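Chain and residue survey
So you can see what is in the structure, the chains are spelled out below.
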Amino acid sequence: MFESICDNSELWDWNATWYSSYPQFTQCFQITLLYWIPTLFLLPSSFVVFCTLQRGDRARIHLNWFNVTKMLLCFFLFVIAIFEATFYRHYYSNYSVYIISPLIRGLTAFYVICLIEYYRKCSVHVSFLLFMYWWLMVAFGIIPFYSIIANWSSYHATLKFTFYSQFFVWVIQLILSNFSDFARKDLILKAPKQSPIETSSILSYVGIFWLDCFLWKGYKTGIKQEDIFSVPRSLRTENLQLKTVGTGKEYGKAKIFGLLLMSLAWPLIKQFLCSAATVICTLLVPVFLKFTIQFATDDDEEKWHLLVMVILLFLTILKGLIASQLFKLHSETSIFKVTTLLSSSIFEKSFIREKKSSRHLSNEFILNLAKFDSGRVAKMMGCLISLFADLTLIILVTIFIVYELGYWALLGLLVFLIYIPISALICQILEVFERNLSSAKSSRLDFLKQLLNDIKIIKQNAWEVEFQDHLKIYRNQEAKFIQRIFILIVIKVATTIALPLVCLAISFIAYVFIEGENLSASQAMISFVLFHILQYAVTNWFNSIRYTTNGCRSLARISQFLSLPELRSIVTRNFNKENSITLSNAKFVFGNDSVCLNPTNLTIPKKSLTMIVGNPLSGKSAFFKALVGEAHCVSGKANICGKIAYVGQEPWIQHTSFKNNIIFNNEFKNEKYIKILEVCKLDEIVNDLPDAHDTMIGPHSEHVDEDAIRKISLARALYANAEVYLLDNALNDASGVIDRKEYDKIIGTKNGMFRNKTRLLITNETKYLSLADHVLYISNNTIEAFGHYKDLKANNSKFGKWLSNQRSLKRESTIIDEDMVDPINDEIEQPKPSNKKSEHIFIEQVAPQHSNKYSDLLMYLRSFNIFLLIGALAFIIFSMAIYGYSSVLILRWTTEIDLTKIRENWYCGGYLSLIVGFILIFIVQGMFLAVGVGNTSKKIHKYVFEKVAHSEMKYFESHSVDKILNIFASGFDRIDGKLPENLIYFISYILAGITNLSIISYISPWFLLFIVPLAVVFVFVQWYFNRTSVQLKSLNEKNYASMFLSLEDSLAGISTIKALGSQEFFIQKFNDLIDESNKSQYASTLSNIWLDMRIAVLGSLSVLSITFIVTFCTRYNYNAGDIGLSIALAITFLSILETILSKFTELTQNVSSAGQLSEFAEDLKPEKSPSNECDEEFIENENSNVCFTDFSLRYQNSNSLALSKVNLEVSSGKKLGIMGLGKQENKPISDALSRIVEADCGDITIGGTYINKLSLPALRSSVAVLTDEPVIFTGSLRFNVDPLNNATDDQIWEALRLSGLNNWVEMLPKKLMYEIKEWGSNINANQKQLIGLVRTSLRKPKVVILDQFSEGVDTEKDEELQAVLDQLFIDTTLINITEKIESLVDYDVVAVFEDGKLLEKGKADELLSKEDSEFYKLFKASQE
């Protein structure tokens, strides 16, 4: 066909091109394919652009000199092409290619003008399509450019002018198309730190050069959150929506998957193109390597053939590496998109979902969906193209191997098939061990949390060392799993490194012995490269399958959640002049059809106060949930007039500033804000905060207690200025009782701030019911009575019966309203301490930047046993020497002249033996390191816990348990899991890389001249990059923690948010946090790709340098084996280098945990403990009298004295009663005697010995403290009564008999070994107190302090406890600090305090005989 339109000229002539010293190309080839291929590329590609490109909402690109210049140059090309066609018209027929080709070029130039205009209107700043078109035109134009110069006289002057004019314009267009078009500055949309990637040039985009300034800033001055650029518009939440929420439809896994695919259409296309380029380049590498070896060893080949092959090999490797990095970039883009889509949709769904079941109701379940499952699905979507690309590569590489070594090479490939299930098995075993490790870690953290919660008691009893030994048991259990996991990782690394070598050995043996052929150097080295490529592809494919499997499971959970029914009908908000709440035969149910409120008619007038009463679990809180939209209104009608403010029974605040917690999303008004603080008694609290109104607080913050949180919730409701207020036990103070002053100020009908609002208050305080306008009585989720208190009391039998029952109940010191339990859940959990729930990483809690990674690594390695470390290093170096010698053995095998059968057998057996030996020795060194890793983890944990346990008590008072626990959790999570894995990978691969470079340098020492400067550049680039990388990692962790902390806050306060109608505000807030988190994560990802790009260039240059040395240095006469092995090792070094980089980055980030823990421990201030010179004499002294002499005590951050100039003495074995100190928040007497707090002035002696001269263990082992909250540990009953294991069973049973617990213990299933659950949830309060008494009696202390020990029990129980005390502590000095005066009437000495000052002291009977004594007055008051 081409010959007919080219005037019988040939399209291609091999003799003129390849088999010539000066290649020439035919005229037909130059004027057809070289011009038509760019056009054929442009037309279908532009059609794809038209289908996918939409008009952008970015700053519009107006006509400017830049785009006008490009269009004018295209018009010039169009004119030149028409002129050229007209010129050829005089010499050729109408259908000649000489006329058709110029016309095609001209029409294409006009088409490019249309494309430029279309891109401008769509706000596209730069076009990769046009850049590629002009690049093809320039690249293919070089051949005619060369031909015209070579045959200058054969061309007409007109043709020379037209071609060179066009070529010059093509070059200009190529340069211009690289740069980004720009918009007018006054039309640029206001967006903070617009992403430079959207307006970067083509070369800057491909090489990520636009990131250089950002990295330089990080290197010089550091990076802050405001310095980070925004993510591209396509990744922002405002442009991403899954369109599943709010539709009310059910979406299966396939439907969600389809929606995700649609949203990822363009990124997936880019991934496909990049993966296709990567696969092609990867397959071309062994092809070009084969020709390079062939041409280098063939003296008859033209030198330019070898030069072309070397350049093609270099360009193929470089393009393949760049394409793989671009694939990674687009894959990460897909991951960002999916994560953003799913997280945003899950959060939005949580506001409108129907509470179908307790599992889907769980906030933790929703949090895990957004935090973990969305990430797994995103990984699955990111590796979809890789899944098919790697499979294609595996198939094609297998074909290449069979082509090189024959079908018997499939025996070697069978090893890969065996490797896949083995690797899967290793991964499964790893998962089992990791689950066991996680379980052991949870047990340790639970026990550690209990220790930290009770750290004051532990210090007072001098149990630090003993409990550290008990904690060591948990830690040893963890260490076993750490070692097993590490050994499995070592096996995995060994098999990964040795896999291609084993396959190679089996394939060579099969080829030599079965095929009967001699193995050539070219075959061996090409097979060497092919098997390494295959191993890389198989590993990636296996990982992709694993990600896909995990992603499918997560996708099923997410689709199940997103398909939950949505609330169909809720309360309306229509205006009503008279009534605030109107229920007309309204029935409410929850999503699982459990009744929330039975059909009822109810009208609550405006500006009225309604108190809601009923038994626990009667449905009072459920009634509020119906009003705020937490349940379906399945029949009747319900209407609320105006805005609602809701304060739940569990007060809710966010992790934000004190002020923002109150103003919420309302406009700030200073006068209103200050007034509300005064009414809610928050002005004193805010003055004590470190940053006043801007102090960051949260549910578990050390700056606010439960009562302060309740007041903040009330203040938020006040500030909302709503019409209807729903208060669920919101006025109960810390003791569970309503404060009358607070009641009058807030909801009082005369002066309360809510007096002109509609108020609904849930309470069981019957004495306040007469103050209400209406009383609403609920029973069994039914409104049984509604009306005025007097009317109901007189006429309603149900309400009257309930009221009489309430008044007959004993008044308890604390009230636990069981209405706080969700009526949907079937189980009622035991009440636990408020800090039981572990807090997620708080914003200020993120670890500080710690960049001294080398000293951290040395510190970690120094924790190893020196002999284990030396042995492990010796074995790993030996194994790598074997690994390197195996390559040298192949070289000798394939280059040995006159190879005999015996020698060939020796080579085969020796090569296989070396590989097996490498695996075994590598595993042995792994066992050495496993023991060292386990021991090191235990040493670091022991060191940090010792420092924490022996630190001053004021540290624990100023830091929450959750903060300290997070240090142990997150810090040791890295040290135990990620750090050892990074370490073994890094050491293994860096030694493998050194081995490869050593062999190359052995073959050609000249290689050192190139590799040394490349290594210097590599170190500099890594050092330059690492500073910014660490900063971005820290910012990313902070943003990530902040995002999910906000999610957890919002899920906990959904009822409040719905009541205030702030759903949209919180959804937008969460989306903004997603964007902020994506900013730092995207910048971190791009910086990693930036580094990989630079290293890819350096790696490609190293391949180019060794290739030039071994192919063009004829002086050394390198054979085919030398050439092939050098290049093959240089190529495989690229993949090794990639692993080294990734593991080094992870290692530097994780090893800082060891340094941070070390710094944390070193900064802790230990308690002052004198020498033990007086300890022995003190312990032997049986005298236990206690004497205070001018003693004063002050607590940290307190201006007043807790004890002031106290002079008090109690004789040995006597009983001292103290009144007036029980109402204090602190416990000064017990803190002083156990030296938890050091004296401000004065002295205390026990048995005549000054306690400040005793060591803390000696003092605290002689003083026992029992408080109103007895400490109960998780473990056996025996452990609880004898934690130190010092008593015999007989002694324990005797103590149990004296306490009266023996009968109860006899009835237990395992008696003394009966397992007590966490927080003592399976025993009652009285049993806890008696266990505390038995434990104290077994210690045999000199002094026992009862600090409010019996405050929560009635008189009868108190008398029983006093009798037990008399039985257990006969000769012990007893100090009882209590407000129960009846307990002290028979005490030897009684002391009365007021504001920390001693008012009077004396014998109880003497003081009672004096009517003017304070003790007598208190006794009379208690009797009245």
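Refer to the structure above for everything that follows.
What counts as what
Residues numbered from 1 in each chain as written. Predicted model: local features only at pLDDT ≥ 70, side-chain atom pairs only at ≥ 80, totals over all residues. Heavy atoms only, no water. Salt bridge = Lys/Arg side-chain N within 4 Å of Asp/Glu carboxyl O. Helix = DSSP H or I, 4+ residues; strand = E, 2+ residues; numbered from the N terminus. Buried < 20%, exposed > 50% of the residue type's maximum accessible area, 1.4 Å probe, protein only. Pairing = 2+ DSSP bridges. Axes fitted to C-alpha atoms, helices over the stretch in contact; angles between N-to-C directions. Contact = heavy atoms within 4.5 Å. Expected span 1.5 Å × (residues − 1). Bend = angle between axes of the 7 residues up to and from the residue.

**Things to note about the pattern of salt bridges**
- Applying the stated criterion across every chain, the model contains 23 salt bridges.
- Between R1260 and E1167 there is a salt bridge; the shortest N-O distance is 2.9 Å. With R1260 in helix α40 (residues 1256-1260) and E1167 in the loop between α37 (1120-1163) and α38 (1175-1180), the pair connects residues that are 93 residues apart, well separated along the chain. Summarising the burial analysis for this pair, R1260 and E1167 share the class buried.
- One continuous salt-bridge network, built from bridges that share partners, spans R444, R475, E478 and D976.

**Points about the environment of F561**
- By the element assignment, F561 lies in helix α20 (residues 521-562).
- F561 sits 212 residues away from K349 along the chain, and the two C-alpha atoms are 8.3 Å apart.

**Some points on the sheet that holds strand β2 (residues 595-605)**
- Read from one edge of the open sheet, 3 strands run β2-β1-β4, paired in antiparallel fashion. Here the strands that pair on one side only, and so sit at the sheet edges, are β2 and β4 (632-640). In this sheet, neighbouring strand axes are inclined to one another by 10° on average, regardless of whether the strands run parallel or antiparallel.
- Here strand β1 (residues 579-589) pairs with β2 via 7 bridges, running antiparallel. Bridging from a neighbouring strand, L583 pairs with L602 of β2.
- Along the sheet face, helix α21 (residues 620-627) touches β1, β2 and β4 and points at about 75° away from the line of β2.

**Focus: helix α34 (residues 1007-1052)**
- Here α34 is 46 residues long and its end C-alpha atoms lie 64 Å apart, about the 68 Å a rise of 1.5 Å per residue gives.
- At N1026, α34 shows its strongest bend, of approximately 30°.

**Section: the environment of A265**
- Residue placement: A265 occurs in helix α12 (residues 265-297).
- Using a relative accessible area of 38% as the deciding quantity, one classes A265 as partly exposed.
- Residues A265 and S1153 lie 888 residues apart in sequence; the distance between their C-alpha atoms is 40 Å.

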